[in-house]
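Summary of structural features
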Amino acid sequence: MGSERKHEEKARVLVVGASGYIGKSIVRACIAEGHETYVLLRPEIGLDVEKVQLLLSFKKLGARIVEASFSDHESLVSAVKLVDVVVSAMSGVHFRSHNILLQLKLVEAIKEAGNVKRFLPSEFGMDPPRMGHALPPGRETFDQKMEVRKAIEAAGIPYTYVVGACFAGYMAGGLCQMETLLPPKKQVNIYGDGNVKVVFADEEDIAKYTAKTLNDPRTLNKTVNIRPPDNVLTQLELVQIWEKLTGNKLEKTNIAARDFLANIEQMEIPHQAGIGHFYHIFYEGCLTDHDVGEDEEASSLYPEVEYKSMDDYLRIYL
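Here is a short report on the structure shown in this document. (Residues numbered from 1 in each chain as written. Predicted model: local features only at pLDDT ≥ 70, side-chain atom pairs only at ≥ 80, totals over all residues. Heavy atoms only, no water.)

Side note on the packing of aromatic side chains
One pass over the structure, following the stated rule, counts 11 aromatic pairs. Look at Tyr-21 and Tyr-170: their rings are 4.9 Å apart centre to centre, the planes differ by 55°, and that puts the pair in the tilted class. Here Tyr-21 is found in the loop between strand S1 (12-16) and helix H1 (23-32), whereas its partner Tyr-170 is found in helix H6 (residues 168-171), with 149 residues between them in sequence. What makes Tyr-21 partly exposed here is its relative accessible area of 26%. Residue Tyr-170 is classed as partly exposed on the basis of its relative accessible area, which comes to 23%. Between Tyr-191 and Phe-260, the ring centres sit 5.3 Å apart and the planes meet at 70°, which makes this aromatic pair edge-to-face. Linking Tyr-191 in strand S8 (residues 187-191) with Phe-260 in helix H9 (residues 257-261), this pair joins segments that are 69 residues apart in sequence. Overall, the relative accessible area of 4% leaves Tyr-191 in the buried class. Judged by its relative accessible area of 8%, Phe-260 falls in the buried class. An aromatic cluster is defined as three or more aromatic residues linked by ring pairs; in this entry it consists of Tyr-191, Phe-260, Phe-278, Tyr-279, Phe-282 and Tyr-283. Over the aromatic face of Tyr-161 sits the side chain of Arg-149, whose NZ or CZ is 3.9 Å from the ring centroid. (Phe/Tyr/Trp six-rings, centres within 6.5 Å; stacked < 30°, edge-to-face > 60°. Helix = DSSP H or I, 4+ residues; strand = E, 2+ residues; numbered from the N terminus. Buried < 20%, exposed > 50% of the residue type's maximum accessible area, 1.4 Å probe, protein only. Lys NZ or Arg CZ within 6 Å of the ring centre and 35° of its normal.)

Details of the nonpolar core
Core analysis: the biggest nonpolar cluster contains 74 residues, and Ile-26, Phe-200, Leu-238, Ile-281 and Met-310 have the highest contact counts within it. Here Ile-26 is in contact with Val-15, Val-87, Ala-89, Phe-124, Ala-207 and Thr-210, once residues within four sequence places are set aside. By size, the runner-up hydrophobic cluster in this structure holds 27 residues, among which are Val-16, Ile-100, Ala-113 and Tyr-159. (Core = buried A, V, L, I, M, F, W, Y, C linked by side-chain atoms within 4.5 Å. Contact = heavy atoms within 4.5 Å.)

Let's talk about the pattern of salt bridges
Taken as a whole, this structure holds 16 salt bridges when the rule is applied. With its nearest N and O atoms 3.9 Å apart, the salt bridge here joins Lys-208 to Asp-205. Of this pair, Lys-208 and Asp-205 are both found in helix H7 (residues 203-213), three residues apart, which corresponds to roughly one turn of the helix. Among the residues examined, Asp-205 registers a relative accessible area of 4% and is labelled buried. Glu-243 is the salt-bridge partner of Lys-252, the closest N and O atoms lying 2.6 Å from each other. By relative accessible area, Lys-252 is classed as partly exposed at 32%. Sharing partners across several salt bridges, the network here consists of Lys-10, Glu-33, Lys-212 and Glu-304. (Salt bridge = Lys/Arg side-chain N within 4 Å of Asp/Glu carboxyl O.)

Overview of the sheet that holds strand S7 (residues 166-167)
Strand pairs in the sheet, formed through backbone hydrogen bonds, run parallel or antiparallel to each other. With mixed pairing, three strands are arranged side by side in an open sheet as S7-S9-S11. Looking at which strands have only one partner, the edges of the open sheet turn out to be S7 and strand S11 (232-234). The sheet strands contacting helix H8 (residues 235-246) are strand S9 (197-201) and S11, and the helix crosses S11 at an angle near 90°. (Pairing = 2+ DSSP bridges. Axes fitted to C-alpha atoms, helices over the stretch in contact; angles between N-to-C directions.)

What about helix H2 (residues 49-61)?
Compared with an ideal rise of 1.5 Å per residue, which puts 13 residues at 18 Å, H2 spans 19 Å between its outermost C-alpha atoms and is within 8% of the ideal. Buried within H2 are the following residues: Leu-54, Leu-55 and Phe-58. The arc that holds every buried residue of H2, seen down its axis, measures 95°, which confines them to one face. Seen from the open side of H2, the exposed residues pointing more than 90 degrees away from its buried face are Gln-53 and Lys-60. (Expected span 1.5 Å × (residues − 1). Arc of directions from axis to C-beta.)

Examining the packing of helix H4 (residues 103-113) against helix H5 (residues 139-154)
Geometrically, a packed helix pair is captured by the angle between its two axes and the distance between the axes. In the contact formed by H4 and H5, the axes pass within 10 Å of each other and the chain directions differ by 5°. As the angle between them shows, H4 and H5 are arranged roughly parallel. Across the interface between the two elements, Gln-103, Leu-104 and Val-107 of H4 pack against Glu-147, Val-148, Ala-151 and Ile-152 of H5. The class makeup of the residues in the contact of H4 with H5 is five nonpolar, one polar and one charged. (Parallel < 35°, antiparallel > 145°, perpendicular 65-115°, else oblique. Nonpolar A, V, L, I, M, F, W, Y, C, P; charged D, E, K, R; others polar.)

Notes on the sheet that holds strand S5 (residues 118-120)
Taken in spatial order, the five strands line up as S3-S2-S1-S4-S5 in an open sheet, and their pairing is parallel. The open sheet terminates on both sides in strands that have one partner only, identified here as strand S3 (64-67) and S5. Strand-to-strand twist of the sheet, defined as the mean angle between neighbouring strand axes without regard to direction, takes the value 25°. The sheet contact formed by S1 and strand S2 (residues 36-41) spans four bridges and is parallel. Bridge pairing links Leu-14 to Tyr-38 in S2. The strands touched by H2 within the sheet are S2 and S3, with S2 carrying the most contacts at an inclination of about 165°.

Spelled out as structure tokens, the structure:
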């Protein structure tokens, strides 16, 4: 069956966090995949007109809007009862909103509803069970994701965990610099020797893989790693791709691990969390320091997805 393989029945899927950074891509991918797609509209959205308009734009694509609040358990249960699959894309980064534990209310609603065949909690990055050693305060993200996982599994809710890649919009576009999302013009900081392997993925591809896993029997109660082979690159390799595209050599400043972590305690909490996460990715290699089988890797499971290489991805910045 291979790449021609199709799941006979499309899912009815509810996306929570649909107006967020990765959530909006997941909604579009679910619609494109043919799933009957619902998006959660929370009254807490208030006067955030951009989010309201984004959710309404999904209606034009064929999605249905469901109103429910995390402060109203019955409304959440009613929303969940409409679907077979729930995908959460709630924010878990300190410099935006950190809502990971709100998902526990979702777990309670799914448990009570009793009809959900699959729950995909908000993951999409470093694999939390591998991050027990992570530096505080950034470790909070992984600890909270583990708390949600334990609740899911204790409730006997079928799940898929999608993990394993750096969002290209945050990491690749700025060549992994902490202070910018755009490629530097003259000088670039290199973490250590710049030769630690990292995984980069276009957010649209992460969303496509997510939409394919949610009713795939092969991914039931499994962790799916997003590790597209051509996008397993060192920071230096990423920089070299950009240099080749522009014909411009950047001045490189190597930063030793001890210097990178120096004075971390004096920084604001969100910055401390970011420093910790960068350290684990670019100095320790936490995304690539373990083997992943073909049956656990998204680009092997779904070869029909023509994922975007970082060479192609970076061209938009030219």
